[in-house]
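Take a look at the letters that make up each chain.
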Amino acid sequence: MKSLLVIGRYAHSLIHTVPVERYDVLLADATELQRRLEESPELIKLLHSRLFAAQKKRELMTELLIGLSFGTIWHNLLTVLEKNRRIPYLLKVIDQIEAFVQHKQGKRRVKLTLARDHDEAVTNKIKSYIHTIVGKDLVISTEIDPSILGGFIAKVESISIDGSVKNNLDQFKRLSNQ
C-alpha cells in the first residue's frame, strides 16, 4: 500500500511540471519510455544496482531518454528515483502517468482478458459491448489467460465485467449446491 502512495506521488510530481495542453506529448513520451524499458528489462536492474558506477548510470539514463520531448523532466525523475533507491518503481510510475493523462483526456483504461487470441471482428464486438457499458473512449490492453476457458473479463476502474466460461461454470456450481 505504501509503495502505491509513493508511486502516485512521483507520478503526480512529474505530471504537474507539464502544461495541460502538452499532456499528449507527455503521454507519447511515457509510452515510448515504457516500450524501451520493456524491451530491455535489464536496464532497470542496472540502474538499481549498487555495483554499477554512478557515472555509468548517468550515461545510461541519458541514452535511454534520447528523443523524448521532456527528456530533462524524465532525467530528473530517474535521478530522484535512483538517489532514493526506487528505480524498481519506474514502470509503475510511468503507468500512473499514462493513466492520469488518459483520464484527463476522457479516456478509460480497460484490461481485457481473453482465453485465446480472436480475430479482429470478435475483438471489435467485445470492445463495442464494453463501450456501451462504459460510454467513454477506451484504451484497451489485452492479455491471454487460458484458465478462463472462454469468453472475456474486462476491468475498467472499479467495474469488472466477467463473461468468462470459468465464471459461468463457477456460478452454475454454486447454484447447484444450494
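The following paragraphs examine the structure supplied in this document. (Residues numbered from 1 in each chain as written. Predicted model: local features only at pLDDT ≥ 70, side-chain atom pairs only at ≥ 80, totals over all residues. Heavy atoms only, no water.)

What about the sheet that holds strand β3 (residues 152-156)?
Across the sheet, which stays open at both edges, the four strands sit in the order β2-β1-β3-β4 with mixed pairing between neighbours. Two strands bound the open sheet, and with one partner strand each, they are β2 (137-144) and β4 (159-162). Shown here is a sheet whose adjacent strand axes are inclined to one another by a mean of 20°, direction ignored. The pairing of strand β1 (residues 107-114) with β3 spans five bridges and is classified as antiparallel. In the sheet register, leucine 112 faces β3, and the bridge partner there is alanine 154. (Pairing = 2+ DSSP bridges. Helix = DSSP H or I, 4+ residues; strand = E, 2+ residues; numbered from the N terminus. Axes fitted to C-alpha atoms, helices over the stretch in contact; angles between N-to-C directions.)

Topic: the layout of surface pockets
The space that makes up the largest pocket amounts to roughly 500 Å³. Residue lining of the largest pocket: 19 residues in total, with Asp95, Ala99, Gln102, Arg109 and Val110 positioned closest to the centre. Among the elements of the structure, α1 (2-15), α6 (90-104), β1, β2 and β3 are those that each provide at least two residues to the lining of the largest pocket. (1 Å grid on protein atoms, 1.4 Å probe; cavity = no way out; pocket = protein on both sides within 12 Å on 5 of 7 lines; lining within 4 Å. Points joined across faces, edges and corners; volume = space filled by probe spheres on them.)

Structural notes on the packing of aromatic side chains
According to the stated counting rule, one finds two aromatic pairs in the structure shown. For the pair tyrosine 23 and phenylalanine 100, a centre-to-centre distance of 6.2 Å together with 70° between the ring planes defines the contact as edge-to-face. Of this pair, tyrosine 23 sits in helix α2 (residues 23-39) while phenylalanine 100 sits in helix α6, and the two are 77 residues apart along the sequence. In this structure phenylalanine 100 comes out as buried when scored by relative accessible area, which is 18%. Centroid distance tyrosine 129 to phenylalanine 152: 6.2 Å. Interplanar angle 75°. Geometry classified as edge-to-face. Here phenylalanine 152 lies in strand β3 and tyrosine 129 lies in helix α7 (residues 120-134), a separation of 23 residues in the sequence. For tyrosine 129, a relative accessible area of 43% gives the class partly exposed. (Phe/Tyr/Trp six-rings, centres within 6.5 Å; stacked < 30°, edge-to-face > 60°. Buried < 20%, exposed > 50% of the residue type's maximum accessible area, 1.4 Å probe, protein only.)

Some details on the nonpolar core
Core analysis: the largest hydrophobic core is formed by 34 residues, its most contacted members being Leu26, Leu33, Leu37, Trp74, Leu77 and Ile97. Of all elements in the fold, only α1, α2, α3 (42-48), α4 (54-64), α5 (71-83) and α6 reach the threshold of two or more residues within this core. Sequence-distant contacts of leucine 37, that is, excluding residues within four places in its chain, are made with Leu43, Ile44, Leu64, Leu90, Leu91 and Ile94. Formed by 10 residues, the second largest nonpolar core is a distinct cluster that contains Leu112, Ala154, Val156 and Ile161. (Core = buried A, V, L, I, M, F, W, Y, C linked by side-chain atoms within 4.5 Å. Contact = heavy atoms within 4.5 Å.)

Examining the pairing of β3
Judged by how many residues are buried, β3 sits mostly within the fold: four of five residues are covered. Sheet analysis places β3 next to β4, joined by four bridges and oriented antiparallel. By the bridge assignment for β4, lysine 155 is matched with serine 160. Here β3 folds back onto β4 in antiparallel fashion, the turn holding two residues, of which glutamate 157 has a positive phi close to 50°.

Looking at the side chain of lysine 57
Position of lysine 57 among the secondary structure elements: in helix α4. Judged by relative accessible area, which is 5%, lysine 57 ranks as buried. Those residues within four positions of lysine 57 in sequence are excluded, and the remaining contacts are Leu46, Leu47, His48, Ser49, Arg50, Phe52 and Glu82.

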